[in-house]
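So you can see what is in the structure, the chains are spelled out below.
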Amino acid sequence: MVDFNRRQFGGLLASGAALANYPALAQSANPSFMSFTFAEDPNRPMVQKVIDDFKAQSGISMEPIGSAWGDVQKNLLLRQRSKTLPTTAQLSERWLPAIATIPEIVDLDQALGRAKLEAAIDPAVLAMGQVGGKTFAIPLITGSIGMIANKEVLEKAGIGVPKTLAEFRSALLAIRDKVPNSVPFAAVTKNPSAIPLDFMIMVWLHGGRIIDESGKVLIGSDAGRAAMAFMAGLMKDRLIAPELDRPDSRRLFAQGASGFFIDAPQARSFVRSFSGKGEAADAFVLPIPTPVLKAGDTPRSIQWGHLVCAFKGAGMEDANAPGVKWLNYLLSDAVQGSLAPALSALPVTKTGQKLPIVQNDPFFKNWAQATGVPLTNEIGIWSNGPELATILSEEFQAAILGQKSSDAAIASMQSRMEASMLKRG
Amino acid sequence: MATGVDASLSPPLSPQPSPLARKGGLKAHERRIGRLFLLPALAAFTLVILYPFLRAIGYAFTRSNLQTPEPVYIGVANFISILGSPEILGAFATTAIYVVFATTGTVILGLGWALILNQPFAGRSALRALTLIPWVLPSTVTAFIWGWIFNSRFGVLNAVLVSTGIIPFPTAWLSTTSGAMAAIVMTKIWFSIPLFMSFFLAGLQSLDKEQIDAARVDGASNYALLRDHILPHLRPVLLVVVVLGVIGNLQQFDTIFALTGGGPVSATSVLSIQVYRLAFDQWDIGMASALGLLWVATILPAAYFYLRHLLKGA
């Protein structure tokens, strides 16, 4: 039988203590970059190239940590609790208000210099990385979320680009009847992170708002009810489909099984990959102004971008720290002129936006013309954004799946959002 | 009384134990070693279960969300919020429906399948082995298989029903309240049957065949055999299987999350999913902890019943 003396027992306890501190031991010595683009198969090589080029230029190894888009917030908030935050992390612009509550987030006005950031980046773009007047993230790529049409599907259905919502509905009916097994409008109906974007545009197109700048919930309006009834009607007539997330929409569109969907300009990169046609797929990807309620109304789009934030700790000690050099490198023309166009997005720096590769790409010109001036995401700017998104998604699903009337869903959305904003204080 | 033995020849009884002897004797030493072997498991239990559980109890009485990264003590306010939230209370009803249907379905079909596999026929051993496949599959793989069966666009179920003209166009089964609930119940039953069947089969193999033969000679029907002989014999097994089934179904998370995510809306949002949503979708750790405690409370009666039965048997 095994027998332990006190010294051996002490060793056992020490080993246990070391195991208990495993997260601290497990932290890599290299600065790290958590990225959802790195986790996307078609886009991983692009991020890897940026990391490799950075190493060649600075001698610093940046360790990539892939995290699925939908899990980034979860991972960061859990890593904060286990003290294993990465040095830097890629964010969607709408997550920043929630992530900015992490005490370890770095004030980049201090780390990089506010004046330098303002000189390099347009104020409207830089604002995506700011909360409460402080810059907590640098923009990495930018653009807007708007509507895209599939030219081939429109031709098959014998229709043109719809200008009004009434024409849009007729176009969807034509696609349903003439393109077998299609989802005419691949609106997102499944993921609470993505549903609010599509519905927000619909609410704006009907002349309504969800929440104003002061935090007042406004969805319980005639416009809100009309937007919900419009979407519920599309579902009833099988013009949109249940169980669709954004990746599903991209695949349906790329495979010619959908006429329209809502996405960021990055859609072009996904369509190239998912269609199997590469750049030849660009021929049928058509950015269009969102159809409006009545002729003369303004088409709507949502401001969109990817950001990079940093967390206090190893790699972010001072202005010469590897993490700071990495952030500066991401804003260089070398990255902005390669990564952003490769992801079918616009560079964020003033010099990057003037690069020939951007200026000469007709897709960017068409996109800018189609989407016009994007508006700020009305849900993502609040620190209780995740809860608001869940409420909106649940009520939206309840209405389009026939569990509630559109009016009841909007009334419930209004009261639940008000309670959430009240709780937020 | 004289024994005839010279006492001076007997070995002298030592008043002191040998210096090499274990303190407190051999049994005490073995007890100490036993406790030492228990330490790793105890340490793991403390780190992985007890400590998080105690932390969760603490969080249940705090406001801990994105606006308050440092928890603020609020007494029983989270529990009051739960009682006032129809969405969260609905999760209790959803859980009850899921547990009742999943447990009942698995017990009935598991018993039926065990009765079939207890009969002598060619290929019985191969069929018994094949039956275990659903149990061996990872639960998320199982969920994806069933997700594909029920998929509204590419699903096998729709393909069969549309091609045979039973429905005019594909139906989104997982997007209806009853369809989604039926799907998660069927999935759970499908991969739980092998385990339940194994329990019942083991019980059936200890059944006295002569008793069955005698009953048959007396003219007992199959139903009478089941009612009067087989079920009474399987009663202890049935008790354990039902209790284990209830506990397992109360804890179920992975297949439901992978298949429906708790939706549509909250139609399949059982307590485990609701806790996850509160904690990781809405980042309300205080509310999630409070609901988690109530969830544990629903499991405790079944766990107590099972442990009591187990200890009685021991």
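Residues numbered from 1 in each chain as written. Chains lettered and ligands numbered in written order. Predicted model: local features only at pLDDT ≥ 70, side-chain atom pairs only at ≥ 80, totals over all residues.

> Kindly report on the overall build of chain A, identifying the contributing residues and their values.
Summing up its helical and strand segments, chain A has 21 helices and 10 strands in all. Relative to a compact globule of 425 residues, whose C-alpha radius of gyration would be 22 Å, chain A shows 23 Å and is just as compact. Its C-alpha atoms give chain A principal-axis dimensions of about 80 × 50 × 50 Å. A fraction of 71% describes how many contacts in chain A between residues 6 or more apart in sequence connect residues 24 or more apart. (Helix = DSSP H or I, 4+ residues; strand = E, 2+ residues; numbered from the N terminus. Rg over C-alpha atoms; globule rule 2.2 N^0.38 Å. Contact = placed C-beta atoms within 7 Å.)

> Account for the interface of chain A and chain B, with residues named and values stated.
Facing 25 residues of chain A, the contacting portion of chain B comprises 20 residues. Listed by contribution, the elements that provide at least two residues to the side of chain A that touches chain B are α1 (6-20), α4 (72-81) and α20 (385-400) of chain A. The leading source of residues in the side of chain A that touches chain B is α20 of chain A, at 6 residues. Here the side of chain A that touches chain B is built from residues that sort into 12 nonpolar, 8 polar and 5 charged. (Nonpolar A, V, L, I, M, F, W, Y, C, P; charged D, E, K, R; others polar.)

> Provide a residue-level description of the environment of P386 of chain A, including the pertinent values.
Structurally, the position occupied by P386 of chain A is in helix α20. Since 28 C-beta atoms lie within 10 Å of it, P386 of chain A is described here as buried. For the pair formed by P386 of chain A and P103 of chain A, sequence separation is 283 residues and the distance between their alpha carbons is 18 Å. Those residues in contact with P386 of chain A, other than ones at most four positions away along the chain, are A98 of chain A together with D281, Q282 and W283 of chain B. (Buried ≥ 20, exposed ≤ 12 C-beta atoms within 10 Å, placed from the backbone.)

> Requested: an account of the nonpolar core, with residues and values cited.
Core analysis: the biggest nonpolar cluster contains 186 residues, and C309 of chain A together with L291 of chain B have the highest contact counts within it. Beyond its immediate sequence surroundings of up to four residues, C309 of chain A is in contact with T88, A89, L91, I99, I105, F136 and A137 of chain A. (Core = buried A, V, L, I, M, F, W, Y, C linked by C-beta atoms within 7 Å.)

> Got a sec to walk through the domain arrangement of chain A? Specific residues and values, please.
Residue and element names in this part refer to chain A. Examined at the domain level, chain A breaks down into domain 1 (9-142 + 304-365) and domain 2 (144-302 + 376-424). One C-alpha centre belongs to domain 1, the other to domain 2, and the line joining them spans 29 Å. With 13 residues of domain 1 in contact, the opposing surface of domain 2 contributes 20 residues. (Domains from an automatic or database assignment.)

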